[in-house]
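# Fold and geometry: a report
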Amino acid sequence: MLRIEFEYRDEMSRWEWRKQSCTCRSVEEAKRFYGLGEDGCEWRIVSVEEEGAAKE
């Protein structure tokens, strides 16, 4: 599983960037689940890490 951190902005966020994270099998799964890129939503991936990976 991957821990994915992303930012998005859309009409609901009043076009301000909001940060969110999730745990999914892939970035594509996260995109589908959160509707990233749909209905004019802008988004960008901040980080992708394997869950349980040691932080340095």
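This structure is a prediction, so every number in the text was calculated from the model and none was measured.

Across all of its chains, the model carries five salt bridges by this definition. Between glutamate 7 and arginine 44 there is a salt bridge, and its shortest N-O distance comes to 2.6 Å. Residue glutamate 7 is located in strand β1 (residues 2-9), and its partner arginine 44 is located in strand β3 (residues 42-50); the two are separated by 37 residues in the primary sequence. A relative accessible area of 16% means that glutamate 7 is categorised as buried. In this structure, the salt-bridge partner of arginine 25 is glutamate 29, at a minimum N-O distance of 3.6 Å. On the accessibility criterion, arginine 25 (64% relative accessible area) is exposed.

We now examine the side chain of aspartate 10. By secondary structure assignment, the location of aspartate 10 is in the loop between β1 and β2 (18-24). Excluding residues that lie within four positions of it along the chain, aspartate 10 makes contacts with Trp15 and Cys41.

Looking at chain direction, β1 and β2 are connected through seven bridges and run antiparallel. Bridging from a neighbouring strand, leucine 2 pairs with cysteine 24 of β2. Sheet topology note: the β1/β3 ladder contains eight bridges and is antiparallel. In the strand pairing of β3, arginine 3 is matched with glutamate 49.

Bringing the sheet that holds β2 into the picture now. In space, the three strands of this open sheet follow the order β2-β1-β3, with antiparallel pairing throughout. The open sheet terminates on both sides in strands that have one partner only, identified here as β2 and β3. When strand polarity is set aside, the average angle formed by the axes of neighbouring strands in this sheet is 20°. Lying over the sheet, helix α1 (residues 27-34) contacts β1, β2 and β3, oriented at roughly 120° with respect to β2.

Rules used throughout
Residues numbered from 1 in each chain as written. Predicted model: local features only at pLDDT ≥ 70, side-chain atom pairs only at ≥ 80, totals over all residues. Heavy atoms only, no water. Salt bridge = Lys/Arg side-chain N within 4 Å of Asp/Glu carboxyl O. Helix = DSSP H or I, 4+ residues; strand = E, 2+ residues; numbered from the N terminus. Buried < 20%, exposed > 50% of the residue type's maximum accessible area, 1.4 Å probe, protein only. Contact = heavy atoms within 4.5 Å. Pairing = 2+ DSSP bridges. Axes fitted to C-alpha atoms, helices over the stretch in contact; angles between N-to-C directions.

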